[in-house]
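# Coordinate analysis (summary)
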Amino acid sequence: MTFSSRLFKKICKISATYVLSACLLVACQPPPATDDTALNSNDQAAPVIIEADSVLMSPEHILNIKSSRYQPSLGLQGTLEPAEEQKLIAAKDLIIDKILVAEGDWVEKGSPLFVVYRQATNTNSEAKKANTLSDQTLSDSSATKALKDNVSKGNEPEDSKSEDKALIEQATSNISNKNNKESGDIASNLQDTKSQAKAVDTNTNNLPKTATLTSNKNKSASTPVTVIAKTSGYVSALFIEAGQTVKTGKLLLELGEKSNLHFVATLPIQAKPQLSVGQTVNFSAEALTNTFTGQVSKLTVDNTTKQLLVYVSVIDNEVSRAQLLPGMSATGRVNYGQIEVGTIVPRSALHDVDLSALQKPPYQTAAPLNANIWIIKQDQRLTRQPVEVIEYDPSTEQYLIAGVSNDSLICLADLPVESAGKLVIVS
């Protein structure tokens with residue numbers, strides 16, 4: 001065998017090897033894009049031609065119904081807070097001297113909360129009023145005496161003496177009555193002042209008192225009083241500051257129990273028929289991995305916002321007592337109704353809706369989102385139909401919707417509203 005023959009055989013052998021490798025590579029290539037992949041992008045589809053009474057489109061614009069079962073539910077979100085709170089309200093005008101707690105503090109029963117002074121009553125104004133009335137009485141008496149002297153000395157004409165005498169008697173009587181009334185008023189006012197000075201706030205009368213005044217500016221006030229907690233709990237709200245003067249009836253502090261927590265969620269009023277007191281709510285709290293359980297305890301309507309307020313009471317157990325605290329954010333869901341069947345669609349099928357809220361965990365909104373889709377009916381004509389978007393699946397980039405029957409076809413083309421009622425022609 002010559003050299004050229006051996007070289008030719010070697011080249012043929014190498015060529016055959018390359019051909020076989022190429023065939024294997026082709027066989028290992030992934031299959032062409034499925035309908036689902038093509039449906040997510042209309043860039044590969046033929047253009048849609050809209051005519052007077054028809055719409056011409058390619059098969060890539062038409063989606064067969066793909067069903068999926070789901071449990072209807074509503075999302076609930078709020079902030080944990082004590083369900084019952086003790087409110088401390090000022091029964092007298094007070095001066096806040098010291099605050100011994102802060103919001104969020106846990107206090108035991110009998111712990112000191114803050115120190116106050118009851119404002120002393122100022123009696124100077126009453127004394128001044130008494131002196132003024134006394135001076136006025138003396139002045140009136142002097143004028144009357146002078147008038148009597150003139151009459152007795154005969155300085156007045158004869159024909160007016162009888163008239164003046166009657167006037168003098170009337171004036172004397174008026175002054176006497178006035179003095180008696182004013183004296184009575186003064187005595188009554190002074191008595192009221194003494195009573196007010198001795199009055200003690202009934203809500204804090206039995207509380208322990210500090211031994212000395214803490215500042216010279218408060219020495220004109222009453223003895224300092226230390227207000228204590230009547231029950232154990234968290235300081236959920238504090239409405240006062242040191243050095244502040246508060247009026248009677250002002251809310252000073254709110255104290256709530258740790259073992260009795262709840263949160264309040266807001267939903268559209270349309271969700272009310274799906275909820276009832278006693279429904280179970282599974283929720284999570286911020287920075288915690290455990291799932292907790294609650295129950296719907298109350299449903300009310302906010303007359304201002306026209307929103308539904310859903311009160312969820314936390315089930316008290318060892319886990320919740322050990323981990324849940326007031327102020328934590330709670331996020332959960334409440335199931336309602338029976339298992340239902342929905343439809344899976346790509347983003348291009350949904351119109352007139354903002355889906356950004358579904359792009360982050362838990363990939364569901366508090367209530368379903370309203371959207372529109374194009375449906376091809378059995379007579380092959382288009383109709384625009386409202387649907388509800390239930391949830392988003394990030395692994396498939398598909399959406400679960402409710403409101404589509406199984407005997408319909410979904411059109412993925414973005415059509416103008418005027419396309420409703422037109423005949424679909426598939427090219």
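This structure is a prediction, so every number in the text was calculated from the model and none was measured.

## Overview of the overall build of the protein
A tally of regular secondary structure across the protein gives 5 helices and 25 strands. By the burial criterion, 32% of the 427 residues in the protein qualify as buried. Taking the contacts inside the protein whose residues are at least 6 apart along the sequence as the reference set, 70% of them involve residues at least 24 apart.

## Considerations on the sheet that holds strand S12 (residues 233-238)
The sheet built from 4 strands is open, its strands ordered S7-S14-S12-S9 with antiparallel pairing. A strand with exactly one partner marks an edge of an open sheet, and here the two such strands are strand S7 (85-89) and strand S9 (106-107). By the bridge criterion, 4 bridges tie S12 to strand S14 (residues 251-256) in an arrangement that is antiparallel. The residue of S14 that forms the bridge with Leu 238 is Leu 253.

## Some words on the packing of aromatic side chains
Summed over all chains, the structure comprises 4 aromatic pairs. Judged by centre distance (5.5 Å) and plane angle (65°), the ring pair of Phe 263 and Phe 283 falls under edge-to-face. Highlighted residues: Phe 263 in strand S15 (residues 261-268) and Phe 283 in strand S16 (residues 280-285), separated in sequence by 20 residues. Residue Phe 283 is classed as buried on the basis of its relative accessible area of 1%. One aromatic cluster is present, formed by Phe 263, Phe 283 and Phe 292 through successive ring pairs. Over the ring of Tyr 311 we find Lys 298, and its NZ or CZ is 4.3 Å from the ring centre.

## Here we look at the pattern of salt bridges
Under the definition given, this model contains 4 salt bridges. For Arg 381, the salt bridge identified is with Asp 53, shortest N-O distance 3.8 Å. With a gap of 328 residues between them, Arg 381 in the loop between strand S21 (364-376) and strand S22 (382-393) and Asp 53 in the loop between strand S1 (49-50) and strand S2 (54-57) connect regions that are remote in the sequence. Between Glu 254 and Lys 87 there is a salt bridge; the shortest N-O distance is 4.0 Å. Remark: Lys 87 occurs in strand S7 and Glu 254 occurs in strand S14; sequence separation between them is 167 residues.

## Describing the nonpolar core
The biggest cluster of nonpolar side chains holds 24 residues, and the ones touching the most others in it are Leu 74, Leu 76, Leu 267, Val 310 and Leu 324. Counting only elements with at least two residues in this core, the list comes to strand S5 (73-79), S15, S16, strand S17 (291-302), strand S18 (307-314) and strand S19 (329-335). With 20 residues, the next largest nonpolar core counts Ala 349, Leu 369, Tyr 392 and Val 404 among its residues.

## Structural notes on unusual backbone geometry
The peptide bond linking Pro 361 to Pro 362 adopts the cis configuration, its omega dihedral lying at 5°. Its identity is not glycine, yet Ala 287 carries a phi of approximately 65°, on the positive side. Counting through the fold element by element, Ala 287 comes out in the loop between S16 and S17. Ala 287 gets classed as exposed once you look at its relative accessible area, which sits at 85%. Despite not being glycine, Gln 380 has its phi angle at roughly 70°, a positive value. Position of Gln 380 among the secondary structure elements: in the loop between S21 and S22. Accessibility expressed as a relative area gives 46% for Gln 380, which makes it partly exposed.

## As for the pairing of S22
The pairing of S21 with S22 spans 9 bridges and is antiparallel. Bridge pairing in S22 links Gln 364 to Glu 391. Counting the residues in the hairpin turn of S21 and S22 gives 5 residues, including Gln 380, whose phi is positive at 70°. In terms of strand pairing, S22 meets strand S23 (residues 398-402) through 5 bridges, oriented antiparallel. Paired with Asp 393 across the strands is Gln 398, a residue of S23. In this structure, the hairpin formed by S22 and S23 is closed by a connection of 4 residues, where Glu 397 is found at a positive phi of approximately 60°.

## Examining the environment of Pro 59
Along the polypeptide, Pro 59 turns up in the loop between S2 and strand S3 (62-63). When its relative accessible area of 48% is taken as the criterion, Pro 59 is described as partly exposed. Residues Pro 59 and Cys 411 lie 352 residues apart in sequence; the distance between their C-alpha atoms is 9.6 Å. When neighbours within four sequence positions are excluded, Pro 59 is seen to be in contact with Val 426 and Ser 427.

## Examining the sheet that holds S16
Spatial strand order, S5-S19-S16-S17-S18-S15-S6: 7 strands in an open sheet with antiparallel pairing. Each having just a single partner strand, S5 and strand S6 (81-82) make up the two edges of the open sheet. Pairing of S6 with S15 involves 2 bridges; the strand directions are antiparallel. Its bridge partner being in S15, Pro 82 is matched across the sheet by Leu 261.

## Comments concerning the environment of Gln 274
With respect to the secondary-structure elements, Gln 274 resides in the loop between S15 and S16. With 61 residues separating them in the primary sequence, Gln 274 and Asn 335 have C-alpha atoms 8.8 Å apart. Every residue in contact with Gln 274, bar those within four places of it in the chain, is listed here: Leu 74, Gln 279 and Tyr 336.

Thresholds, definitions, all that
- Residues numbered from 1 in each chain as written.
- Predicted model: local features only at pLDDT ≥ 70, side-chain atom pairs only at ≥ 80, totals over all residues.
- Heavy atoms only, no water.
- Helix = DSSP H or I, 4+ residues; strand = E, 2+ residues; numbered from the N terminus.
- Buried < 20%, exposed > 50% of the residue type's maximum accessible area, 1.4 Å probe, protein only.
- Contact = heavy atoms within 4.5 Å.
- Pairing = 2+ DSSP bridges.
- Phe/Tyr/Trp six-rings, centres within 6.5 Å; stacked < 30°, edge-to-face > 60°.
- Lys NZ or Arg CZ within 6 Å of the ring centre and 35° of its normal.
- Salt bridge = Lys/Arg side-chain N within 4 Å of Asp/Glu carboxyl O.
- Core = buried A, V, L, I, M, F, W, Y, C linked by side-chain atoms within 4.5 Å.

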